[in-house]
Amino acid sequence: MLTTCVIAGGGPAGAVLALLLARAGVEVTLLEKHADFLRDFRGDTIHPSTLQVLDELGLSEEFHSLAHRKAYDLSIWTDDRVVELASLRGLRTKFPYIAFVPQWDFLNLVVAAARRYPSFRLIMEAEVVGVIREGGAVRGVRYRDAEGEHELRAILTVGADGRHSDVRRAAGLVPVERGAPMDVAWFRLPREQGDPEETFLRVSSGHMMVAINRETYWQLAYLIPKGGYKLLQAEGIEAMRASISALLPFLAGRTEKLKGFEDVSVLVVLLNRLRRWHRPGLLLIGDAAHAMSPVFGVGINLAVQDAVAAANLLTGPLLAGEVPESLLRRLQRRRTFPTVVTQAAQRLVQNRLIRPALKGSAKPLRLPVDPSRLPVIGALARRFIGFGVLPEHVRSPSAGE
């Protein structure tokens, strides 16, 4: 089979890039190795930068028709006070908030929009098992589905298949690890009338937990020291319930809903990036190029920015039938700067807040005024969390225009 561009991975980076290319008339095939997009406890914080991209694509109204919750402010709950870290209300945008929406709903929306274009093709349950090499360049992929193994040749192959990328492994590219002091145990507990409305981070000596309001339930991220999940299991579910109750007393009567560790999903946190995101005929974007820490919840949004930048730069060459590696190098240069700065900020929070807190050595947050109320710091925090370091705008053409 032949296509102009094959994209492995139907996550945010791959789906958005596929939509943008199909919209411009590029023949694009998206391969997703699962049967659907329904995976729980995946990143689902849609920041203003991504909301702006959806608006530029005419998808804002459809997105906001999905069940979602808006967060205008970000805060930390300590043992003795609430610290407001940042407020997005002052952003100059139509969308001064973070929208929490299940990632599968976001992906289904993007893929449904891509299906409107005849040049888009989606193949589900298609697992990449290798890349096709010819003359020192990558010329497509080999993938396996229910019917067996197939070859799909393409001018450009894009690996957007996550932090354990099959394409990256097949191409022999290895990311440099930057380190993370924590892993995350995800689980749910019921939400009841009278509970807090906001999404927040709870910090106490030796413990940290993120609470995300899902209207009918709380999605909870219980931070544990790196590699500490086996120890958590060894201590038993009762110890974990007691810790949750101590951190968030309003949940104390509901922790029995956590029957056992079969109700817990563990995320092994990675923070890394490739030195080189490309080979002739091959590009890596999103988590395949740079796995992000969950700090700031920016993973989806950085991946979407990669996709927009790639479409802006590569649509014309793909329509012309040739993508020089110099353009892939140029794309990496553009997207490396925001990646490096964001990861540096994540490492700062990991080392100054998360690591000491999990060790029980964090100093209390005793500030004379909340950071969000300081003019310069508040503005920088709003901008960084809302739009990131280098927000991208849709500049690739639409074939229908």
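Residues numbered from 1 in each chain as written. Predicted model: local features only at pLDDT ≥ 70, side-chain atom pairs only at ≥ 80, totals over all residues. Heavy atoms only, no water.

1. Here's the deal with the sheet that holds strand S6 (residues 82-87)
Right, on to step 1. Sheet architecture is open: 7 strands sit in the order S6-S5-S14-S15-S16-S13-S17, paired in mixed fashion. In this open sheet, the two edge strands, each paired with only one partner strand, are S6 and strand S17 (265-267). In this sheet, neighbouring strand axes are inclined to one another by 25 degrees on average, regardless of whether the strands run parallel or antiparallel.
Right, on to step 2. Two strands pair when backbone bridges link them, and strand S5 (residues 73-77) and S6 are joined in this way by 5 bridges, in the antiparallel orientation. The residue of S6 that forms the bridge with Ser 75 is Glu 84. (Pairing = 2+ DSSP bridges. Helix = DSSP H or I, 4+ residues; strand = E, 2+ residues; numbered from the N terminus. Axes fitted to C-alpha atoms, helices over the stretch in contact; angles between N-to-C directions.)

2. Side note on helix H4 (residues 103-114)
Right, on to step 1. For H4, built from 12 residues, the straight-helix expectation of 16 Å at 1.5 Å per residue is met to within 8% by its first-to-last C-alpha distance of 17 Å.
Right, on to step 2. Counting buried positions along H4 gives 9 out of 12 residues, so the element sits mostly inside the fold.
Right, on to step 3. For H4, the full list of buried residues reads Gln 103, Trp 104, Phe 106, Leu 107, Leu 109, Val 110, Val 111, Ala 113 and Ala 114.
Right, on to step 4. Looking at the buried positions of H4, the neighbouring elements they touch are helix H1 (12-23), strand S3 (45-46), helix H2 (48-56), helix H3 (60-64), strand S8 (120-124) and helix H8 (299-320). (Expected span 1.5 Å × (residues − 1). Buried < 20%, exposed > 50% of the residue type's maximum accessible area, 1.4 Å probe, protein only. Contact = heavy atoms within 4.5 Å.)

3. As for unusual backbone geometry
Right, on to step 1. One non-glycine residue, Glu 215, lies in positive phi territory at about 70 degrees.
Right, on to step 2. Counting through the fold element by element, Glu 215 comes out in the loop between strand S15 (207-213) and strand S16 (217-225).
Right, on to step 3. The class of Glu 215 is partly exposed, set by a relative accessible area of 41%.
Right, on to step 4. A positive phi angle, close to 75 degrees, is found at Phe 296, a residue other than glycine.
Right, on to step 5. Counting through the fold element by element, Phe 296 comes out in the loop between strand S20 (282-284) and H8.
Right, on to step 6. Under the relative-accessibility criterion, Phe 296 is labelled partly exposed at 29%.

4. Let's talk about the sheet that holds strand S4 (residues 69-71)
Right, on to step 1. A sheet is described by the order of its strands in space; here 3 strands give the open sequence S3-S7-S4, paired in antiparallel fashion. The open sheet is flanked by S3 and S4, the only strands paired with a single partner.
Right, on to step 2. Looking at chain direction, S4 and strand S7 (residues 98-100) are connected through 3 bridges and run antiparallel. Paired with Ala 71 across the two strands is Ile 98, which belongs to S7.

5. Quick notes on the environment of Glu 147
Right, on to step 1. With respect to the secondary-structure elements, Glu 147 resides in the loop between strand S10 (137-145) and strand S11 (148-159).
Right, on to step 2. With relative accessibility at 71%, the residue Glu 147 sits in the exposed group.
Right, on to step 3. Counting along the chain gives 21 residues from Glu 147 to Ala 126, while the straight-line C-alpha distance between them is 9.9 Å.

6. Examining the packing of H1 against H4
The geometry of a pair of packed helices is captured by two quantities: the angle between their axes and the separation between those axes.
Right, on to step 1. Two elements in contact, H1 and H4, have axes separated by 9 Å at closest approach and are oriented at 20 degrees. Regarding the angle of H1 to H4, the classification is roughly parallel. Two packed elements cross with a definite hand, and for H1 against H4 that hand is left-handed. In this structure, H1 contributes Pro 12, Ala 15, Val 16, Leu 19 and Ala 22 to the contact, and H4 contributes Gln 103, Phe 106, Leu 107, Val 110, Val 111, Ala 113 and Ala 114.
Right, on to step 2. Across the contact of H1 with H4, the residue classes break down as 11 nonpolar, 1 polar and no charged. (Parallel < 35°, antiparallel > 145°, perpendicular 65-115°, else oblique. Left-handed = near helix turned anticlockwise from the far one by under 90°. Nonpolar A, V, L, I, M, F, W, Y, C, P; charged D, E, K, R; others polar.)

Limitation: the analysis is restricted to geometry and does not speak to function.
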